[in-house]
Amino acid sequence: MVLALEIVAESLSARRELVTPDFGQDPRFDFSWWHRGSAKSPVSYCRAVDDGEEVARAKVLPRSGHYRGYTSWTCPHAGVAEIDLIEVRDDLRKSGRRYGMRVVELIAQHYGQPVVAMSLNATSDPFWHSLGWTAHTHPDDHDPEYSRYRTLFTSV
């Protein structure tokens, strides 16, 4: 089947908060990421569906532009789509179906290039590197053991 990206909830207004959609308590996803709450806009919550089955989730910040201090990259004036969170169902992560890469491609198709992501931690860095994205470290980040700044990854 064809992998499809579905927008579950979205607000493109910068003046309101959006209630996080109820993704349910599927134990194959990290509940702490997808529980009911609220998020500042603009924000989009997405799910990827393959053959009628949810395989991944993402939180995207359309028109994001808050990357001050990252001197090795300049954000376009109109902003970029930032993948704030992305999660492939844990039973599918090593399946060889490359859902993570494919979902990122769908996000880029929907929101346009460039797309960026801020590293969550050292365990997420290899994923962004595997996509061929460019890593940008903050020039004030002098201590790799205790970083105050997350690595910025850019698609182009």
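Note that the coordinates shown come from a computational prediction; the quantities given were computed from them, not determined experimentally.

Thresholds, definitions, all that
- Residues numbered from 1 in each chain as written.
- Predicted model: local features only at pLDDT ≥ 70, side-chain atom pairs only at ≥ 80, totals over all residues.
- Heavy atoms only, no water.
- Helix = DSSP H or I, 4+ residues; strand = E, 2+ residues; numbered from the N terminus.
- Rg over C-alpha atoms; globule rule 2.2 N^0.38 Å.
- Buried < 20%, exposed > 50% of the residue type's maximum accessible area, 1.4 Å probe, protein only.
- Contact = heavy atoms within 4.5 Å.
- Lys, Arg positive; Asp, Glu negative; His and termini not counted.
- Charge placed at Lys NZ, Arg CZ, Asp CG, Glu CD.
- Core = buried A, V, L, I, M, F, W, Y, C linked by side-chain atoms within 4.5 Å.
- 1 Å grid on protein atoms, 1.4 Å probe; cavity = no way out; pocket = protein on both sides within 12 Å on 5 of 7 lines; lining within 4 Å.
- Points joined across faces, edges and corners; volume = space filled by probe spheres on them.
- Nonpolar A, V, L, I, M, F, W, Y, C, P; charged D, E, K, R; others polar.
- Pairing = 2+ DSSP bridges.
- Axes fitted to C-alpha atoms, helices over the stretch in contact; angles between N-to-C directions.
- pLDDT = per-residue confidence, 0-100.
- Polar contact = N/O pair within 3.5 Å; in protein donor to acceptor, adjacent residues only side chain to side chain.

1. Focus on the overall build of the protein chain
- Within the protein chain, the regular secondary structure consists of three helices and nine strands.
- Ordering the α and β elements of the protein chain from the N terminus gives β-β-α-β-β-β-β-α-β-α-β-β.
- Its C-alpha atoms give the protein chain a radius of gyration of 16 Å, within 12% of the compact-globule value 15 Å for 156 residues.
- Here the C-alpha coordinates of the protein chain stretch approximately 45 × 40 × 30 Å along the principal axes.
- Considering the protein chain as a whole, with its 156 residues, one finds that 46% of them fall into the buried category.
- By sequence separation, contacts in the protein chain at least 24 residues apart represent 61% of the contacts at least 6 residues apart.
- The distance from the centre of the 18 positive side-chain charges to the centre of the 21 negative ones in the protein chain is 5 Å.

2. What to know about the nonpolar core
- Ranked by internal contacts, the top residues of the largest apolar core, which has 24 residues, are Ile83, Trp128 and Trp133.
- Going through the elements one at a time, β4 (43-50), β5 (53-64), β6 (80-88), α2 (99-111) and β7 (115-118) are the ones with two or more residues in this core.
- A per-element tally of this core places α2 first, with seven residues.
- Counting ten residues, the second largest nonpolar core, distinct from the first, contains Phe29, Trp34, Tyr45 and Leu61.

3. Comments concerning the layout of surface pockets
- A volume near 790 Å³ is recorded for the largest pocket.
- In this structure, the largest pocket is lined by 28 residues; those nearest its centre are Ile86, Val88, Arg93, Gly100 and Phe127.
- Every element with two or more residues in the lining of the largest pocket is listed here: β6, α2, β7 and α3 (125-130).
- At six residues, the largest contribution of residues to the lining of the largest pocket is made by β6.
- Classifying every residue of the lining of the largest pocket gives 15 nonpolar, seven polar and six charged.

4. Considering the pairing of β5
- The element β5 is largely enclosed, with a buried count of ten among its twelve residues.
- Where β4 and β5 come together, seven bridges link them in antiparallel fashion. Residue pairing in the sheet places Ser44 in a bridge with Val60 of β5.
- Joining the antiparallel neighbours β4 and β5 is a turn of two residues, in which Asp51 adopts a positive phi near 55 degrees.
- Where β5 meets β6, seven bridges bridge the pair, whose relative direction is antiparallel. Across the sheet, Ala56 pairs through a bridge with Val88, a residue of β6.

5. Description of the sheet that holds strand β9 (residues 152-154)
- Read from one edge of the open sheet, seven strands run β1-β4-β5-β6-β7-β9-β8, paired in mixed fashion. Strands with a single pairing partner mark the edges of an open sheet, and in this sheet they are β1 (4-11) and β8 (134-136). Neighbour-to-neighbour, the strand axes of this sheet turn through a mean angle of 30 degrees, independent of strand direction.
- Of the strands in this sheet, β1, β4, β5, β6 and β7 are in contact with α2, which crosses β6 at around 150 degrees.

6. Regarding the confidence of the model for the protein chain
- With 96% of its residues at a pLDDT of at least 70, the protein chain reaches an overall mean of 90.
- Looking over the protein chain, one finds the lowest element-wise mean pLDDT in strand β3 (residues 38-40), namely 79, and the highest in α2, namely 97.

7. A look at the side chain of Arg89
- Among the secondary structure elements, Arg89 is positioned in the loop between β6 and α2.
- One polar contact links Arg89 to Glu53, side chain to side chain, over a distance of 2.7 Å.
- Contact partners of Arg89, with chain neighbours within four places excluded, come to Arg28, Phe29, Glu53, Glu54, Val55 and Ala56.

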